[in-house]
Amino acid sequence: MPKSGQSEINAATRLCAVLGSPVAHSASPAMHNAAFAALALNWRYLAFEVNPKNLRAAIEGAKAMNFAGLNLTVPHKLLALEMVDELDVSAKVWGAVNTINFQNGRAIGFNTDADGIATSLREDLKIKLRGARVLLLGAGGAGRTAALKLASEGVSELFLANRTFSKILELQNEIAKKFPAVYVGLNYPKDSKAKIDLVLNATSIGLKKNDGLPFDGNQFSQNQARAVYDMIYRPAETRLLAAAKKSGCKTANGLGMLLHQGAKAFEIWTGKSAPLDVMRRALGQNIYGH
Ligand code: NDP
């Protein structure tokens, strides 16, 4: 039985899907199916476990079967740059593909992650990015996109900290070329008295129950931060966010980022405004059970 608002699956049903590995815990199907139902669209969104070695075949297969679109998650976002027929400017600028739109037999790669981060920071923390001093923890896929987006938004100083130093060195060089007005510091800010407007966690530290803080307490103190954003949304409150709250910071987890990258993808596929409240509620229900 279809859920209320959802149309019957029939020969006209359009399909979207997320490809990832692992993908079983993805909340995207819940979010997008709720949105399709709210707009009475005869569309469905599925999740497929796809090994990176089969990614090209999976994208080609979806195109051949007239899927409307795809989302890509770990570990596919960089690989897909070489596997689509065309890159939208967003995928070129941010150097990763998380959304594919199939149009006239062509796969067009987009990136909605970067806008998702910036929209969530503004909405959930009410933060003004232009001129802000930011400490970004982590330089994996999400950290790299966040660093470039923050630089493009005109933050004044961006401090990068990551376990693997070569990644922040590379990012520093890339930002120097693309956004030369932004000061990029490697590692933690030297002046321990100066406030940092935003600490953004883009490491995976905090995903596991016994994880500690994602920064080096000898080099940075929680009290230096005005606002803290953790890209992790499961659990809802990481140790980092709990400590930040306790020290009086504004805090937010990564649910808004997930929501807004999804909303943007929805709009690319359907050409309709995303029903944000419906999507937010579906995510909350799927991830937190309420
Ligand atoms: P990656 O695997 O690409 O990057 C992981 C990052 O965490 C790297 O910077 C890595 O450092 C660091 N890290 C991992 N383990 C350790 C450790 N033990 N000690 C120190 N650093 C560590 O993952 P993503 O960039 O895709 O994801 C990063 C985080 O963002 C995850 O928690 C993910 O859940 C979250 N995320 C949230 C999204 C949202 O919509 N809210 C979307 C995408 C991601 P190193 O470079 O040295 O390996």
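Asks: For this particular structure, what's the right way to read the sheet that holds strand 1 (residues 14-20)?
Replies: Either a parallel or an antiparallel arrangement is found when strands of a sheet pair, and the pairing is made through backbone hydrogen bonds. If you trace the 6 strands from one edge of the open sheet to the other, you get 2-1-3-5-6-4, paired in mixed fashion. The open sheet has two free edges, formed respectively by strand 2 (43-49) and strand 4 (86-87), since each of these has just one partner strand. With 5 bridges connecting them, strand 5 (residues 99-103) and strand 6 (residues 106-110) associate as antiparallel partners. Bridge pairing in strand 6 links asparagine 101 to isoleucine 108. Strands in contact with helix 2 (residues 55-64) are strand 1, strand 3 (69-72), strand 5 and strand 6; relative to strand 5, the strand with the most contacts, it is inclined by about 40°. Where helix 8 (residues 255-270) meets the sheet, its contacts fall on strand 1, strand 2, strand 3, strand 5 and strand 6, and the angle it forms with strand 5 comes to roughly 5°.

Asks: Explain the side chain of glutamine 261 here, please?
Replies: Note on placement: glutamine 261 falls in helix 8. In terms of polar contacts, glutamine 261 uses its side chain to reach the backbone carbonyl oxygen of leucine 258, at 2.9 Å.

Asks: Explanation requested: the pattern of salt bridges in the structure shown.
Replies: Close approach of charged atoms allows side chains with opposite charge to pair. What the rule picks out here adds up to 15 salt bridges. With a shortest N-O distance of 2.7 Å, lysine 245 and glutamate 237 are connected by a salt bridge. Its relative accessible area of 47% is what places lysine 245 among the partly exposed residues. Arginine 280 serves as the salt-bridge partner of aspartate 277, at 3.3 Å between the closest nitrogen and oxygen. Taken together, the residues aspartate 277 and arginine 280, both in helix 9 (residues 276-288) and 3 residues apart, mark about one turn of the helix. The exposure class assigned to arginine 280 is partly exposed, which follows from its relative accessible area of 31%. When salt bridges that share partners are traced, they join Asp115, Arg122, Lys149, Glu153 and Lys264 into one network.

Asks: Would you mind going over the nonpolar core with me for this structure?
Replies: Across soluble globular proteins, nonpolar side chains show a tendency to be buried alongside one another. By size, the foremost hydrophobic cluster in this structure holds 34 residues, and its most contacted members are Leu121, Leu158, Ile175, Leu198 and Tyr229. Residue assignment for this core shows that the elements contributing at least two residues are helix 4 (113-125), strand 7 (133-137), helix 5 (141-152), strand 8 (157-161), helix 6 (165-178), strand 10 (198-201) and strand 11 (227-230). In this view, isoleucine 175 contacts Ala147, Leu148, Ala151, Leu158, Pro180, Val182 and Val184; residues no more than four positions away in its chain are not counted. Counting 22 residues, the second-largest nonpolar core is a separate cluster that includes Val23, Leu41, Trp43 and Phe266.

What counts and how
Residues numbered from 1 in each chain as written. Predicted model: local features only at pLDDT ≥ 70, side-chain atom pairs only at ≥ 80, totals over all residues. Heavy atoms only, no water. Pairing = 2+ DSSP bridges. Helix = DSSP H or I, 4+ residues; strand = E, 2+ residues; numbered from the N terminus. Contact = heavy atoms within 4.5 Å. Axes fitted to C-alpha atoms, helices over the stretch in contact; angles between N-to-C directions. Polar contact = N/O pair within 3.5 Å; in protein donor to acceptor, adjacent residues only side chain to side chain. Salt bridge = Lys/Arg side-chain N within 4 Å of Asp/Glu carboxyl O. Buried < 20%, exposed > 50% of the residue type's maximum accessible area, 1.4 Å probe, protein only. Core = buried A, V, L, I, M, F, W, Y, C linked by side-chain atoms within 4.5 Å.

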